[in-house]
Amino acid sequence: MFNKKWCCVHQGAVLNKTEQQKKATVVSKHSVPLCLGDHMRLFVFHGSLCLSASGEMERKMPSGNNFMDLVGRRYALDPSIDNPEVATKYIGSVEEAEKNQGLTVFETGQKKIEKRKKFKENDASNIDGFLGPWAKYVDEKEVAKPSEEEQKELDEITAKRQKRGKLEDDKPGEEKTILHVKEMYDYQGRSYLHVPQDVGVNLRSTMPPEKCYLPKKQIHVWSGHTKGVSAVRLFPLSGHMLLSCSMDCKIKLWEVYGDRRCLRTFIGHGKAVRDICFNNAGTRFLSAAYDRYIKLWDTETGQCISRFTNRKVPYCVKFNPDEDKQNLFVAGMSDKKIVQWDIRSGEIVQEYDRHLGAVNTIVFVDENRRFVSTSDDKSLRVWEWDIPVDFKYIAEPSMHSMPAVTLSPNGKWLACQSMDNQILIFGAQNRFRLNKKKIFKGHMVAGYACQVDFSPDMSYVISGDADGKLNIWDWKTTKLYSRIKAHDKVCIGAVWHPHETSKVITCGWDGLIKLWD
């Protein structure tokens, strides 16, 4: 009968359409079962139904939240009743129909949520007032402010955090000092700062020894530190005393001549001490430690005069060597800055902020008008004093980090301990060029900031290494002359005594300081 056409019954109306016009149609809420002969059948399904020309049925599933609602509804209006006065009759589950008051899924669905209203001003000729698609919502809040409850929670969290932080690093360690000798002053009232004159060498001389020789044997060991020694510094000019700082958080002052006793211990840092530096007279010194404090000490009395911090770890510290600038010092910090402090006020007076990594060393050159700094960023920068812009920047792709730098006694050269196991020499006057003829190799130093030094007559270069050996090179030929097994662990420091022909002091991570001659 309906061979090439198909039919949809909808509230009593019959619609005929050809295949070409439409492939399928949807049977809606009031459709009823109807037999269409052999080729076509129509079924009612909970939801929508499609009927194709071949008589195949396709479901159109309801979407979203309505699905669960649809499954429960098994009734429909009876389309055979045309009289509006007759009470509405239902086909299917009449009980459910009455329970739901005959409402369909489409009538009981959730109301549409009203769209948020925006301010409107679409007149483009209004230059100042035009809003267009960028208009704000009417109920939009400009400031995101936490509610009272949220604010309470936030306050509790921040308070907890602050308490945690305080436990770690708020208060500087309490400073104290121990005097290890019976009498602070001798029969003439002189303290240990007095330069001795009965040691066989003129320690007040400004002239270096004429000729230096290679040290051969160990003649003394200073022991007292319980952990590795990180640096040693000789007393300025005379070198009659030795200051050492260690990972046991202590600083010790030793005699270099006579009985070679430990004179005084300075206690006050909470963590390992990284660097120390005397002022020109030797009456005071600075110490920098991993507890983030730099402390100024009185060498004679052991009193801690003042403390400086910017909440970062200081890696190196240096007084300005000029006599009229002894109240100023610079420190290379872990936050890539070089910070300049004034001792009198305790204030930071300058920041040199150009490095891209933690600052490792600071060395004054060119009659103290400039200083050179090296960093983990593998560069070397030269600065004019008090001008926070580097006027010279040296960085080659082949360069490695240089965490230890020393100025030669004649002030012409900088010896830099490079992390590719060699010592590089840069000119210290004007051009700061790398001297390619002077490269000192043959030691294993990668990963350690082993100190380099020169003999006073400029004939030898010395350095410790990772194996605990003391290496000595000839300055002219760059030949490695001698390797002495000095320490069981890393030999981190090596200093040639400025008035002696062959006395070298080394320190290592085995906690010992040794004197070689």
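Residues numbered from 1 in each chain as written. Predicted model: local features only at pLDDT ≥ 70, side-chain atom pairs only at ≥ 80, totals over all residues. Heavy atoms only, no water.

Using the following cut-off: UniProt positions are given in the numbering used here, feature names are shortened, and annotations may be inferred rather than shown by experiment.
As annotated in an unreviewed UniProt entry, the protein chain carries the name Pre-mRNA-processing factor 17 and is attributed to Pavo cristatus. For the protein chain, the Subcellular location (unreviewed entry) comment in UniProt is given as "Nucleus".

## Some details on the pairing of strand β13 (residues 241–246)
Basically, it comes down to this: Each residue gets one of three labels from its accessible area relative to the maximum for its type: buried under 20%, exposed over 50%, partly exposed in between, using a 1.4 Å probe on protein chains only. Only DSSP runs of H or I covering at least 4 residues are called helices, and only runs of E covering at least 2 are called strands; the numbering of each starts at the N terminus. A pair of strands is treated as paired once DSSP finds two or more bridges between them.
Among the six residues of β13, six are classified as buried, and the element is accordingly described as predominantly covered. Every second residue of β13 is oriented toward a common face, with Met241, Leu243 and Cys245 on one face and Leu242, Ser244 and Ser246 on the other, all of them buried. Relative to β13, strand β12 (residues 229–234) runs antiparallel, the two being bridged by five bridges. If you follow Leu234 over to β13, its bridge partner there is Leu242. Between the end of β12 and the start of β13, which pair antiparallel, lie six residues, with Leu237 showing a positive phi angle near 65 degrees. In terms of strand pairing, β13 meets strand β14 (residues 250–255) through five bridges, oriented antiparallel. Bridge pairing in β14 links Leu242 to Trp254. Taking the residues that link successive antiparallel strands as the turn, the β13-β14 hairpin has three residues, and the phi of Cys249 there is positive, at about 75 degrees.

## A look at a positive patch on the surface
What counts is decided by this rule: Each patch is assembled from residues with relative accessible area greater than 30% and no salt bridge, linking like charges that lie within 9 Å and nonpolar side chains (Val, Leu, Ile, Met, Phe, Trp, Tyr) that lie within 5 Å. Calculation of accessible area relied on Shrake-Rupley with a 1.4 Å probe; when residues are assessed, cover is drawn exclusively from the protein chains displayed. Think of a salt bridge as a Lys or Arg side-chain nitrogen and an Asp or Glu carboxyl oxygen that are within 4 Å of each other. Counting rule for charge: Lys and Arg are taken as positive, Asp and Glu as negative, and neither His nor the chain ends is counted. Here the site of a charge means NZ on Lys, CZ on Arg, CG on Asp, or CD on Glu.
A cluster of basic residues, Lys160, Arg161, Lys163 and Arg164, forms a positive patch at the surface. Mapped onto the elements of the fold, Arg164 is located in helix α4 (residues 148–169).

## Topic: the UniProt feature "repeat: WD" (unreviewed entry) in the protein chain
Mapped onto the present numbering, the UniProt feature "repeat: WD" (unreviewed entry) falls on residues 222–256, 266–307, 352–384, 452–483 and 484–517. Taken end to end, residues 222–256 has its terminal C-alpha atoms 10 Å apart, with 0% of it in helix and 57% in strand. Secondary structure across residues 452–483 divides into 0% helix and 56% strand, with the first and last C-alpha atoms of the span separated by 14 Å.

## A word on unusual backbone geometry
Look at Arg292: it is not a glycine, yet its phi comes out positive at around 75 degrees. Assignment of secondary structure puts Arg292 in the loop between β17 (284–289) and β18 (294–298). One non-glycine residue, Arg311, lies in the positive phi region at around 65 degrees. With a relative accessible area of 32%, Arg311 lands in the partly exposed category.

## Some details on the sheet that holds β18
Our working definition: Axis lines are fitted through C-alpha atoms, for helices just across the contact stretch, and the angle between N-to-C directions can take any value from 0 to 180 degrees.
If you trace the four strands from one edge of the open sheet to the other, you get β16-β17-β18-β19, paired in antiparallel fashion. Lying at the two open borders of the sheet, with one neighbouring strand each, are β16 (273–278) and β19 (304–308). Within this sheet the neighbouring strands show an average axis-to-axis angle of 20 degrees, counted without direction.

## Here's the deal with the sheet that holds strand β11 (residues 218–223)
What the four strands build is an open sheet, ordered β11-β38-β37-β36; its pairing is antiparallel. Looking along the sheet, the strands with just one partner apiece sit at the ends: β11 and β36 (491–496). Pairs of neighbouring strands in the sheet enclose a mean axial angle of 20 degrees, with direction left out of account. Pairing between strand β37 (residues 504–508) and strand β38 (residues 512–516): four bridges, direction antiparallel. Opposite Thr506, over in β38, you have Lys514 as the bridge partner.

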